[in-house]
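Remarks on the overall topology
Below are the chains, spelled out letter by letter.
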Amino acid sequence: MAQKQQIIDELRKQIEQFKSDSHVESVGTVLSVADGVVRLSGLSDAKSMELLDFGGGLMGVALNVEEESIGAIILGSSEKINEGDTVKSTGRILSIPVNDQVVGRVLDPLGKALDGKGEIQTDNYQPIEKIAPGVITRKSVSVPLHTGLKAIDALIPIGRGQRELIIGDRQTGKTAIAIDTIINQKGEGVKCIYVAIGQKESKIANITARLEKEGAMEYTTIVLAGASDPASLSYIAPYAGCAIAEYFMAKGEDVLVIYDDLSKHAWAYREISLLLRRPPGREAYPGDVFYLHSRLLERSARLSEEFGGGSITALPIIETQGGDVSAYIPTNVISITDGQIYLESDLFYKGQRPALNIGLSVSRVGSSAQTKAMKSVAKTLKVDLAQFRELEAFAQFATDLDEATKKQLERGKRSMELIKQAQYHPISFVKQSILIFLLNEGYLDQIDAKEIKNFEDKFLNYLDTAGADVIKKVTDEKELSDETKNRIKELTDSFLKGFLNA
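Bear in mind the structure is a predicted one, so any value in this text is a computation, not a measurement. (Residues numbered from 1 in each chain as written. Predicted model: local features only at pLDDT ≥ 70, side-chain atom pairs only at ≥ 80, totals over all residues. Heavy atoms only, no water.)

What follows deals with the sheet that holds strand S4 (residues 59–65). Within a sheet, each strand pairs with its neighbour through backbone hydrogen bonds, oriented either parallel or antiparallel. Taken in spatial order, the six strands close into a barrel running S1-S2-S5-S4-S3-S6, and their pairing is antiparallel. For this sheet, the mean inter-axis angle between neighbouring strands, taken without regard to orientation, is 45°. Where strand S1 (residues 27–34) lies against strand S6 (residues 86–93), three bridges are found, and the strand directions are antiparallel. Pairing of Gly28 across the sheet is with Val87, part of S6. (Pairing = 2+ DSSP bridges. Helix = DSSP H or I, 4+ residues; strand = E, 2+ residues; numbered from the N terminus. Axes fitted to C-alpha atoms, helices over the stretch in contact; angles between N-to-C directions.)

Below, the structure is given as structure tokens:
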């Protein structure tokens, strides 16, 4: 009897201590799955771009939120998803983990490490979609972002906070310009983010190795959606890269983001939209394909000091087919950006690298994003080169030319030789300014056009030793004073005596 009473007391105690822990979950059912796109029923309270949990660590994103069903994309392989499976809504809009640990890492668009160096440990999540900074928060672009390429820094200057499109056919050196620009940011206090969209993993492995060799991975993050990854990851990759950039911009830092390339991004979005049965428009792209890129690129800005003073500079890349810049996606992105660097196949095959078409390339920020030193020497270079292109075509049919035309042609040849530059060899704006100054002053006229590259290499080495005072002065003052110009002339006269007699 005593034992029975003891059991009853124990049960009463347990009942008194019992607490029910209830929580509400929004659960839906998979109606159909095909090609990485899922149709779901239920989840009536799901939001657009909300993360959905398919179980087993597999996530998706709600894109089409309709009355009866939801169209979602899978962020990974859809092989393990079957009709009738349950799906839970997370209540969280698609976001990625961001903190200072992302620097020097290779990540996928969901923030997972791909370099085997351990996961990013943080509670700070940035939404991948964000409204761009308003007009009041912005400041005009006036601080240069040097690419280290003479042709670009002199003729098509890029400023911090600008959006400059790199456009051209495949294999014309678009990625090479982007990588050189990243390498040139060493010691400039600029964080770099390289977003690879639908690129071969082997190509990105080579780029990563090169950046590590040049010491550029210390300030660079690579976001990779590989060629073998589903279209959903290619679609969110540039937004993820921009979200990382915004984290650093909010801290008052300058960031450079490269989207390589937005043509593949548009293709991925077209694939997703057609599978979601959205109405196709021109070239089968959905009607909002312009908004796809405009809402991404508008997030690049230079913020005024009261809002932190950070900046995001965007270098989107677009691949053209047969040099057709009037196609749908190229014209869309040209209209969004603040200028374009147009690379031409013919120039590339002639050995003019970077293969810059000076006539079609433009920077809408102009000389306001140049140092005084570069501004003073680059004024006439673009006009001279444009005139040379015209004269060169004319001179092919002319037999006898007057002295002024011959002189202009010879100067033009030397200008074209001077703006040639090998990959992975960026040059500081100081050395660029000095070389263009020598061209304008006629010093290069006495050197054979084929010897310009040889002269440049030897003269820059000479400048590092004999002209260290000049380099320091121009670096500090950022302009070429009369005193500095006279010192450069002295150094050049001294160097040329030995060079021409060698």
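Don't stop here, the text continues.
With that settled, consider the domain arrangement of the protein chain. Here the protein chain is partitioned into domain 1 (24–93), domain 2 (97–370) and domain 3 (377–500). Of note, the centres of domain 2 and domain 3, computed from C-alpha atoms alone, are 31 Å apart. With 27 residues of domain 2 in contact, the opposing surface of domain 3 contributes 21 residues. Around 2100 Å² of area is buried between domain 2 and domain 3 when both sides are counted, 59% of it from carbon and sulfur atoms. A salt bridge links Lys150 to Glu456, with the shortest nitrogen-to-oxygen separation between them at 2.7 Å. Here domain 2 and domain 3 share 10 residue pairs in polar contact (both at pLDDT 80 or more) between them. The set of elements that each furnish at least two residues to the side of domain 2 that touches domain 3 consists of helix H2 (150–155) and helix H3 (174–183). A per-element tally of the side of domain 2 that touches domain 3 places H2 first, with five residues. For the side of domain 2 that touches domain 3, the residue count by class is 11 nonpolar, nine polar and seven charged. (Domains from an automatic or database assignment. Contact = heavy atoms within 4.5 Å. Buried area = accessible area lost by both parts, 1.4 Å probe. Salt bridge = Lys/Arg side-chain N within 4 Å of Asp/Glu carboxyl O. Polar contact = N/O pair within 3.5 Å; in protein donor to acceptor, adjacent residues only side chain to side chain. Nonpolar A, V, L, I, M, F, W, Y, C, P; charged D, E, K, R; others polar.)

Ile182, Tyr194, Leu211, Ile341 and Phe455 are the most contacted members of the largest nonpolar core, which totals 74 residues. With eight residues, helix H13 (residues 429–440) is the single largest residue contributor to this core. Built from parts of two domains, this core gets at least three residues from each of domain 2 (97–370) and domain 3 (377–500). (Core = buried A, V, L, I, M, F, W, Y, C linked by side-chain atoms within 4.5 Å. Buried < 20%, exposed > 50% of the residue type's maximum accessible area, 1.4 Å probe, protein only.)

Oppositely charged side chains can pair when the atoms bearing their charge come close. Tallying each qualifying case throughout the model produces 31 salt bridges. One salt bridge connects Arg160 with Glu188, and the closest N-O pair in it is separated by 3.7 Å. Residue Arg160 is located in the loop between H2 and strand S10 (165–168), and its partner Glu188 is located in the loop between H3 and strand S11 (190–199); the two are separated by 28 residues in the primary sequence. Each member of the salt-bridge network shares a partner with another, and the members are Asp100, Lys191, Lys251 and Glu253.

For the peptide bond that leads from Asp260 to Asp261, omega is -5°, which places it in the cis range. Mapping Asp261 onto the fold places it in the loop between strand S13 (254–260) and helix H6 (262–275). Cis geometry marks the peptide bond from Arg353 to Pro354, where omega comes out at 0°. Positionally, Pro354 belongs in the loop between helix H9 (345–349) and strand S16 (362–363). In the Ramachandran plot, Met49 falls in the positive-phi region, its phi being about 70° despite a non-glycine side chain. As for its placement among the helices and strands, Met49 is situated in the loop between strand S2 (37–42) and strand S3 (50–53). Despite not being glycine, Gln171 has its phi angle at roughly 60°, a positive value. Among the structural elements, Gln171 can be located in the loop between S10 and H3. Taking the relative accessible area as the measure of exposure, Gln171 reaches 55% and is therefore exposed.

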